[in-house]
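Tertiary structure, described
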Amino acid sequence: MNKRVNWKITTLLIAGSIFILFPLYLTIVVAFKSPAEMSENVLALPKSWSLDNFLEAIKVTDFFGALGNSIFVTFFTVVLTLIVHSMIAYAIARNLHKKRFKLLYYYIISAMFVPFPVIMLPVVKEASFIGLDNLVGLVLLNLVMQLALNVFIYVGYIKAIPVELEEAAIIDGASTWQVFWKVAFPLMTPIHATVAILTALFAWNDFMLPLVLLSDSSMYTLPLIQHAFQGEFSTNYNLAFASYLMAMLPMIIIYVFAQKWIIGGVMRGSGK
Amino acid sequence: MAKINKTYLLMIIPALVVFFSFHTLPLLQGIFYSLTDYRGYGTWDFVGFKNYFNVFQDGRALNAYGFTFKFAIVSTIIVNIISILIAMGLNAKIKFRKSLRAIYFLPYILSLLIIGYIFKFMFTHLLPQLGRTLDWDFLSTNILGNPDLAWVGVVIVAVWQAAAFNTLLYLAGLATVDEQIYEAANIDGAGSWTKFWKITFPMIAPFFTINMVVAMKNFLMVFDQIVALTNGGPGHVTESISLLIFSSGFGGEFAYQSANAVIFFIVVVAISIFQLRLLERREEQ
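Here the residue numbers are simple positions, counted from 1 along each chain's written sequence. The order in which chains are written sets their letters, starting at A; the order in which ligands are written sets their numbers, starting at 1. In keeping with the predicted nature of the model, local features appear solely for residues at pLDDT of at least 70, side-chain atom pairs appear and are counted solely at 80 or more, and the whole-chain, interface and lining totals rest on all residues. Remark: hydrogens and water are excluded; side-chain values derive from all non-hydrogen atoms of the structure.

**With respect to the overall build of chain A**
Looking only at helices and strands, one finds 13 helices and 0 strands in chain A. The helix and strand labels rest on DSSP assignments: H or I over at least four residues marks a helix, E over at least two residues marks a strand, and numbering proceeds from the N terminus. Mapped in sequence order, the helices and strands of chain A form the string α-α-α-α-α-α-α-α-α-α-α-α-α. Computed over the C-alpha atoms, the radius of gyration of chain A is 23 Å, more than 25% above the 19 Å expected from 2.2 N^0.38 for a compact globule of 272 residues. Here the C-alpha coordinates of chain A stretch approximately 75 × 65 × 35 Å along the principal axes. Within these notes, the globule rule equals 2.2 Å times the number of residues to the 0.38 power, and the radius of gyration is based on C-alpha atoms.

Here is the structure:
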């Protein structure tokens, strides 16, 4: 087999990556420009890297409020997902030989076939009726909507963990509850990482569920303020792009530092 | 019954109650309301299957189904072709492999809505400018404002974002292929085309199946891109089923759009099962 570097493919891939990097380059240069500079040449680098657009965008969109909301929702969705979903999956995976649990497993994962728009109208009505049309309700609904996929991923992984360690712990007098927390939960670390990444990306970027659920603009998450902003200030592109850049930046920064982890985690999840 | 450990029940039951209340119950409610004339508030009466008959005669709904299918089929095909090519490139003996992988996966972590707004700017301002400079007629106007071309803009944005995840799935598939098979094929004098169709593709067939099913299902639900790019316009030509259920369902057509949602549900399940059957049979050959 040819062990030399294939420069032809390397060049093609570098050329292709322009399609991905160009929209981001555009976002950055527009975000730093003044409206006057836009009319000269949209693509050129800004003459002076002014932060005015960012400061203005922070004010008009209440950026930090939305950032706080997004962090709140993402953080609690991920933490509760890891605890609740792994627990359900564990109980199912360790009892899969029993008919009831097998049925329960299929009942839960069949929800993967239900597109959110199908249940959207009743679920929003129900949530607002019991006062859950807020961030807490959003976390709860995220947990419900992601349950099927996460249980599917977790069960596939837990089935492959040998039960011997857990049996040894039981002989030593541990209860099922203790076995789960002290033995099984730590053994699931690699798949926790995968589930955490997938869930965090979903919760951070989701637009539809917050859009239909949140009634009060003080609860808006980052995608929602971009949507509201577009309606109000659609003509000031510099302001809008500064706001887009700020909304995407937290994820991009995390990605730059943890891309190996993130790519590996998603790949592990998709291999199931 | 006594054999089931109480701890396991405790682990499952609370979450199951929540799952039932906020997933299964709404699904049943949706089916129930689809048989009424409920507007989302006030009183209601049973109307039988009237809503269902009406959906099939509703130009706007039929248009939404037509657009959504056209969009989903075209996007699924394009995204799979592009993803296989990129994945094979990234799997080859290339320089800067890690950085290139990181770049090609980047779109997956970004918000679809914001990507949509950025592309909208490019379609509205940048491309027409470029088209006028180069004197290319088809580029010199905003394609999102053109009823015949607006859907192409939605496809471009959807493919741009989805290719990242699908590429990763194919990369996972390619990692399972043993290099020695290629060496054997080389000795037999097989060309690249033969090697792809006789070795690579059959080996990654299960990943092809997953990609086709997942991509199709996600594209059928298209929403964010459309809200960002066209909001269903011009007219209603790029209105997807999700957008129609959202805008009309909360706009007083609760029962009617519930019927639409039930039809949509049946369609998605039917397509997924059909695809799985078809592609699994192909894999076995």
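**Points about helix 5 (residues 99-109) of chain A**
In an α-helix, one turn spans 3.6 residues; hence positions three or four apart end up facing the same way. By the burial criterion, the buried members of helix 5 of chain A are Phe101, Leu104, Tyr105, Ile108 and Ile109 of chain A. For helix 5 of chain A, the angular spread of the buried residues around the axis is 120°, confining them to a single face. Residues of helix 5 of chain A that are exposed and point over 90 degrees away from its buried face: Lys99, Arg100 and Leu103 of chain A. Looking at the buried side of helix 5 of chain A, the elements it contacts are helix 4 (63-93) and helix 7 (135-159) of chain A together with helix 1 (6-33) of chain B. Type-normalised accessible area, obtained with a 1.4 Å probe on protein chains alone, sets the label of each residue: buried when under 20%, exposed when over 50%, and partly exposed for intermediate values. Picture the helix axis, draw a direction to every C-beta atom, and the arc is the one those directions span. We call two residues in contact when some of their heavy atoms are within 4.5 Å.

**Overview of the confidence of the model for chain B**
The predictor's confidence in any single residue is recorded as pLDDT, a number from 0 to 100. The predicted model of chain B has a mean per-residue pLDDT of 89, with 98% of residues at 70 or higher. Complex prediction metrics read pTM 0.91 and ipTM 0.91.

**What to know about the packing of helix 4 of chain A against helix 12 (residues 222-232) of chain A**
All names here are of chain A. Here an axis means a line fitted to C-alpha atoms, over the contact stretch when the element is a helix, while the angle between two N-to-C directions is reported on a 0 to 180 degree scale. Helix 12 packs onto helix 4 with a crossing angle of 145° between their chain directions and a minimal axis gap of 8 Å. On helix 12, the residues touching Phe63, Ala66, Leu67 and Ser70 of helix 4 are Leu222, Pro223 and Ile225. Gly counts as polar in this scheme, as do all residues outside two lists: the nonpolar Ala, Val, Leu, Ile, Met, Phe, Trp, Tyr, Cys and Pro, and the charged Asp, Glu, Lys and Arg. Tallied by class, residues from the contact of helix 4 with helix 12 come to 6 nonpolar, 1 polar and no charged.

**Notes on the pattern of salt bridges**
All names here are of chain A. A carboxyl oxygen of Asp or Glu within 4 Å of a side-chain nitrogen of Lys or Arg is what we treat as a salt bridge. According to the stated counting rule, one finds 2 salt bridges over all chains in the structure shown. With its nearest N and O atoms 2.8 Å apart, the salt bridge here joins Arg94 to Glu166. With Arg94 in the loop between helix 4 and helix 5 and Glu166 in helix 8 (residues 164-171), the pair connects residues that are 72 residues apart, well separated along the chain. Pair check on accessibility: Arg94 and Glu166 agree, each one buried.

**Brief notes about the interface of chain B and chain A**
Across the contact, 85 residues belong to chain B and 91 residues belong to chain A. Summing both partners gives a buried area of about 8,000 Å² for chain B against chain A, and 81% of it is carried by carbon and sulfur. Along the contact surface separating chain B from chain A lie 0 salt bridges. Here a polar contact means two N or O atoms within 3.5 Å. Within protein one must be a hydrogen donor candidate and the other an acceptor candidate, and residues neighboring in sequence count only if both atoms are side-chain atoms. Counting across the chain B and chain A interface gives 15 residue pairs in polar contact (both at pLDDT 80 or more). Throughout, the accessible surface (probe 1.4 Å) given up by two parts as they are put together, summed over both, is called the buried area.

**So, the packing of aromatic side chains**
Two aromatic rings from Phe, Tyr or Trp, using only the six-membered ring of Trp, form a pair when their centres are within 6.5 Å; if the ring planes differ by under 30 degrees the pair is stacked, by over 60 it is edge-to-face, and anything between is tilted. For the structure shown, the criterion picks out 40 aromatic pairs over all chains. Ring centres 5.5 Å apart and planes at 85° place the aromatic pair Phe32 of chain B and Trp44 of chain B in the edge-to-face group. You can see Phe32 of chain B sitting in helix 1 and its partner Trp44 of chain B sitting in the loop between helix 1 and helix 2 (50-57), a full 12 residues away along the chain. Between the aromatic rings of Phe49 of chain B and Tyr52 of chain B, the centroid separation amounts to 5.6 Å while the plane-to-plane angle is 55°, which identifies the pairing as tilted. With a relative accessible area of 53%, Phe49 of chain B lands in the exposed category. Pairwise contacts between aromatic rings join Tyr90, Trp177, Phe180, Trp181 and Phe185 of chain A together with Tyr8 of chain B into one cluster. Think of it as a cone above the ring: NZ of Lys or CZ of Arg counts as a charge over the ring if it is within 6 Å of the ring centre and within 35 degrees of the ring normal. The aromatic ring of Trp151 of chain B is capped on one face by Lys70 of chain B, whose charged end is 4.6 Å from the ring centroid.

**Section: the environment of Gly131 of chain B**
All names here are of chain B. Its place among the elements puts Gly131 in helix 5 (residues 112-134). Judged by its relative accessible area of 0%, Gly131 falls in the buried class. Taking the C-alpha atoms as reference, Gly131 lies 56 Å from Phe46; in sequence the two are 85 residues apart. With residues up to four places along the chain from it excluded, the contact list for Gly131 reads Trp136, Leu139 and Ser140.

**Quick look at a nonpolar patch on the surface**
Residues and elements named next belong to chain A. A contiguous nonpolar patch, built from Ile71, Phe72, Phe75, Phe76, Val79, Leu80 and Val136 and spanning about 570 Å² of accessible area, is present on the exposed surface. Residue contributions to the nonpolar patch peak at 6 residues, all from helix 4. Structurally, Leu80 can be placed in helix 4. Leu80 sits in the partly exposed class, given a relative accessible area of 33%. Residues with no salt bridge and a relative accessible area higher than 30% make up the patches, which join like charges within 9 Å and nonpolar side chains (Val, Leu, Ile, Met, Phe, Trp, Tyr) within 5 Å. In short, Shrake-Rupley with a 1.4 Å probe defines the accessible areas, and a residue's cover is counted only from the protein chains shown.

**Notes on unusual backbone geometry**
Its identity as a non-glycine residue notwithstanding, Asp62 of chain A has a phi of 50°, on the positive side. With respect to the helices and strands, Asp62 of chain A occurs in the loop between helix 3 (52-61) and helix 4. The backbone phi angle of Phe96 of chain B is positive, close to 55°, even though this residue is not glycine. Residue position: Phe96 of chain B is located in the loop between helix 3 (59-91) and helix 4 (97-105).

**Structural notes on the packing of helix 3 of chain B against helix 6 (residues 150-174) of chain B**
Residues and elements named next belong to chain B. Put simply, helix 3 and helix 6 touch, their axes get as near as 6 Å, and they point 40° apart. By the angle class used here, helix 3 and helix 6 are oblique. For the crossing formed where helix 3 meets helix 6, the hand is right-handed. Among the residues forming the contact of helix 3 with helix 6, the class breakdown is 21 nonpolar, 6 polar and 1 charged. Our angle categories are set so that under 35 degrees counts as roughly parallel, over 145 as roughly antiparallel, 65 to 115 as roughly perpendicular, and the remainder as oblique. Each crossing gets its handedness from the near helix: less than a right angle anticlockwise from the far helix is left-handed, clockwise is right-handed.

**Some thoughts on the environment of Lys102 of chain A**
Residues and elements named next belong to chain A. Structurally, Lys102 is set in helix 5. The class of Lys102 is partly exposed, set by a relative accessible area of 38%. Through-space distance from the C-alpha of Lys102 to that of Ile92 is 7.5 Å; in sequence the pair is 10 residues apart.

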